Amino acid sequence: MMKTCIVGASGYTGAELAALLAKHPGFELAALFVSQGSQDAGKLLSDLYGRFTGLLDMPLQPLSQDRLTQLATEYDLIFLATPHEASHEWAATLTAGKAVVMDLSGAFRLKDKDIFARFYGFAHEQPALLQDAVYGLADWHGEKIRQAKLVAVPGCYPTASLTALKPLQVCGLLDEQQWPVINAVSGVSGAGRKAALNSSFCEVSLQAYGVLGHRHQPEISAELGRQVIFTPHLGNFKRGILATVTVKVKAGVTASQVSDAYASAYQSNPMVRLRSSWPKIDEVAGTCYCDLHWKLDENSGHLVVTSAIDNLLKGAAAQALQCANIRFGFAPESGLAEKAL
Ligand SMILES: NC(=O)C1=CN([C@@H]2O[C@H](COP(=O)(O)OP(=O)(O)OC[C@H]3O[C@@H](n4cnc5c(N)ncnc54)[C@H](OP(=O)(O)O)[C@@H]3O)[C@@H](O)[C@H]2O)C=CC1
Ligand SMILES: CC(=O)N[C@@H](CCC(=O)OP(=O)(O)O)C(=O)O
């Protein structure tokens, strides 16, 4: 068994990871950590999440600087489910020993330091780690993930968007001039567990935000190798993302070429489901899948693809575990596929 711990375990993605790891056949969930001054230090995870009572009564341990240093040699695998700033600060220490680190934050996703500073609001000070970090889009980068010391697990919107766009890009079907347009709606858990006015119950009503300025725009563009227009929306539901992606394909591209592109990318991948109808959020919430469906107007060359995921699972914890499975030689879907039943 690989010895594993979660830092930031009291948060929404950390708790989902704990639930997945507790049932995994190859990873031992040995400890849960919160920040040193956390108001939740010393509580049980099940004190915060009542559904875990009797199932996951593990304590949330405060993480001191000394303890942090020990983790790198004590654990085989460390999940960072922490804010970008904390991951940025701690990743160097945590990767100094034998441990492999899966970082769920955005701290190591953007290779360009100037773009990083513009979108994250602080300067990147770990150039070597940033250079070596592998972008953990698990359905696409298995080869690199297998060798990685630090995996930058993608954001939730980029996961939904790129799963829809990558097959079209790889097969050379996208029109060179027209930027893909992504409109996506996320549930409120995407904003994390901490109280904030814009995510409080009476304030949330379907609304665009981060227009032409969200940090996931450069993340999607960097991975796709072309610019996109990305507009996120906050919806009044707890979890899930529905991304509607509109692209123009090259002149003459047929519906069967589009279907072939998706089939060749995903037909033997159990974590991406090619659906025969438009996916609904309720059909993926609580699961580790990404569901896709599309329609091409062959006359105009406009293609609309919808992509649905659970932001906390395929968009965060499940993708991190998929990366860990790949890294440690388990089947990519180990501990993930059965969660839907
Ligand atoms: N929610 C989502 O849908 C997604 C989130 N992500 C990313 O994953 C990471 C975790 O997100 P999420 O679970 O939603 O966040 P939460 O706010 O729900 O949880 C954050 C966790 O980090 C801990 N933490 C907070 N501040 C610090 C700090 N300064 N130092 C150390 N630990 C700290 C918190 O506990 P405490 O403060 O008590 O120590 C808590 O355990 C973030 O980087 C987020 O951007 C990625 C994809 C999707
Ligand atoms: C609804 C909501 O607020 N969603 C978050 C994205 C969550 C995510 O993927 O986060 P990171 O890129 O920060 O890891 C946001 O728009 O900031």
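Thresholds, definitions, all that
Residues numbered from 1 in each chain as written. Chains lettered and ligands numbered in written order. Predicted model: local features only at pLDDT ≥ 70, side-chain atom pairs only at ≥ 80, totals over all residues. Heavy atoms only, no water. Helix = DSSP H or I, 4+ residues; strand = E, 2+ residues; numbered from the N terminus. Rg over C-alpha atoms; globule rule 2.2 N^0.38 Å. Buried < 20%, exposed > 50% of the residue type's maximum accessible area, 1.4 Å probe, protein only. Axes fitted to C-alpha atoms, helices over the stretch in contact; angles between N-to-C directions. Parallel < 35°, antiparallel > 145°, perpendicular 65-115°, else oblique. Left-handed = near helix turned anticlockwise from the far one by under 90°. Contact = heavy atoms within 4.5 Å. Pairing = 2+ DSSP bridges. Near = heavy atom within 4 Å. Polar contact = N/O pair within 3.5 Å; in protein donor to acceptor, adjacent residues only side chain to side chain. Areas by Shrake-Rupley, 256 points an atom, 1.4 Å probe, with all protein chains shown as cover. Domains from an automatic or database assignment. Core = buried A, V, L, I, M, F, W, Y, C linked by side-chain atoms within 4.5 Å. Nonpolar A, V, L, I, M, F, W, Y, C, P; charged D, E, K, R; others polar. Buried area = accessible area lost by both parts, 1.4 Å probe. Salt bridge = Lys/Arg side-chain N within 4 Å of Asp/Glu carboxyl O.

**Things to note about the overall build of the chain**
For step 1, the next point in the chain: Each helix and strand counted, the chain has 11 helices and 14 strands in total.
For step 2, the next point in the chain: The C-alpha atoms of the chain give 20 Å as radius of gyration, which agrees with the globular expectation for 341 residues (20 Å, within 12%).
For step 3, the next point in the chain: Projecting the C-alpha coordinates of the chain onto the three principal axes gives extents of approximately 65 × 45 × 40 Å.
For step 4, the next point in the chain: In the chain, which comprises 341 residues, the share counted as buried stands at 55%.

**Notes on the packing of helix α8 (residues 156–170) against helix α10 (residues 255–266)**
For step 1, the next point in the chain: Relative orientation of the contacting elements α8 and α10 amounts to 115°, with a least axis distance of 8 Å. With respect to α10, the axis of α8 lies roughly perpendicular. In the packing of α8 onto α10, the handedness of the crossing is right-handed. Side by side, α8 and α10 meet where Leu162, Thr163, Ala164, Pro167 and Leu168 of the first sit next to Val258, Ala261, Tyr262, Ala265 and Tyr266 of the second.

**Details of the sheet that holds strand β13 (residues 290–297)**
For step 1, the next point in the chain: Sheet architecture is open: seven strands sit in the order β9-β10-β8-β11-β14-β13-β12, paired in mixed fashion. Edge strands, defined here as strands with exactly one partner in the open sheet, are β9 (207–208) and β12 (272–274).
For step 2, the next point in the chain: Bridge analysis of β13 against strand β14 (residues 302–309) gives eight bridges, and the strand direction is antiparallel. Counted as the bridge partner of lysine 295 is valine 304 from β14.
For step 3, the next point in the chain: Along the sheet face, α8 touches β8 (181–186), β10 (229–234), β11 (241–248), β12, β13 and β14 and points at about 35° away from the line of β11.
For step 4, the next point in the chain: Each of β12, β13 and β14 touches α10; the most contacted strand, β13, lies at about 165° to it.

**A few points about the site of ligand 2**
For step 1, the next point in the chain: With respect to spatial proximity, 15 residues lie near ligand 2, and among them Arg109, Cys156, Tyr209, Arg215 and His216 are the closest.
For step 2, the next point in the chain: Take arginine 109: an N or O atom from its side chain is 2.7 Å from an oxygen atom of ligand 2.
For step 3, the next point in the chain: Between ligand 2 and the protein, one listed contact pairs an oxygen atom with a side-chain N or O atom of histidine 214 at 2.7 Å.
For step 4, the next point in the chain: When the free accessible area of ligand 2 is taken as 430 Å², the share hidden by the protein chains comes to 85%.
For step 5, the next point in the chain: Both domain 1 (2–154 + 315–327) and domain 2 (156–311) contribute no fewer than three residues apiece to the shell around ligand 2.

**Section: the nonpolar core**
For step 1, the next point in the chain: Core analysis: the biggest nonpolar cluster contains 45 residues, and Ile6, Leu32, Phe79 and Met102 have the highest contact counts within it.
For step 2, the next point in the chain: If you tally residues by element for this core, the top one is helix α11 (residues 313–327), at nine residues.
For step 3, the next point in the chain: Counting only domains with at least three residues in this core, you end up with domain 1 (2–154 + 315–327) and domain 2 (156–311).
For step 4, the next point in the chain: Those residues in contact with phenylalanine 79 that sit more than four places away from it in its chain are Thr4, Cys5, Ile6, Val7, Leu17, Leu21, Met102, Leu104, Ala320, Leu321 and Ala324.
For step 5, the next point in the chain: With 35 residues, the next largest nonpolar core counts Ala164, Ile220, Leu224 and Val249 among its residues.

**Things to note about the side chain of glutamate 219**
For step 1, the next point in the chain: By the secondary structure assignment, glutamate 219 is in helix α9 (residues 216–224).
For step 2, the next point in the chain: The exposure class assigned to glutamate 219 is buried, which follows from its relative accessible area of 2%.
For step 3, the next point in the chain: The residues touching glutamate 219, leaving out its near neighbours within four places in the chain, are Arg109, Leu110, Tyr120, Tyr135, Pro154, Gly155 and Pro158.

**Notes on the site of ligand 1**
For step 1, the next point in the chain: Close to ligand 1 lie 28 residues, the nearest being Ser10, Thr13, Ser35, Ser38 and Thr82.
For step 2, the next point in the chain: Lysine 194 places a side-chain nitrogen or oxygen 3.1 Å from an oxygen atom of ligand 1.
For step 3, the next point in the chain: Out of a free accessible area of 890 Å², ligand 1 has 83% covered by protein chains.
For step 4, the next point in the chain: Take the shell around ligand 1: its biggest share by element is three residues, from helix α4 (residues 84–94).
For step 5, the next point in the chain: When the residues that make up the shell around ligand 1 are grouped by side-chain class, the tally is 11 nonpolar, 14 polar and three charged.
For step 6, the next point in the chain: There are two domains that each give the shell around ligand 1 at least three residues, and those are domain 1 (2–154 + 315–327) and domain 2 (156–311).

**Description of the domain arrangement of the chain**
For step 1, the next point in the chain: Here the chain is partitioned into domain 1 (2–154 + 315–327) and domain 2 (156–311).
For step 2, the next point in the chain: With centres defined by C-alpha atoms, the gap from domain 1 to domain 2 works out at 25 Å.
For step 3, the next point in the chain: Listed as interface residues are 24 residues of domain 1 and, on the opposing side, 27 residues of domain 2.
For step 4, the next point in the chain: Buried surface at the junction of domain 1 and domain 2, both sides included, amounts to about 2000 Å², of which 59% is carbon and sulfur.
For step 5, the next point in the chain: Looking at the side of domain 1 facing domain 2, the largest losses of area belong to Tyr12, Phe119 and Trp140, adding up to 30% of the total buried there.
For step 6, the next point in the chain: At the surface where domain 1 touches domain 2, the tally comes to three salt bridges.
For step 7, the next point in the chain: The residue aspartate 40 makes a salt bridge to arginine 193 at a minimum N-O spacing of 3.5 Å.
For step 8, the next point in the chain: Those elements that place two or more of their residues in the side of domain 1 that touches domain 2 are α1 (12–22), α5 (113–120) and α11.
For step 9, the next point in the chain: The greatest single-element share of the side of domain 1 that touches domain 2, amounting to five residues, is contributed by α11.
For step 10, the next point in the chain: Classifying every residue of the side of domain 1 that touches domain 2 by side-chain character gives 14 nonpolar, six polar and four charged.

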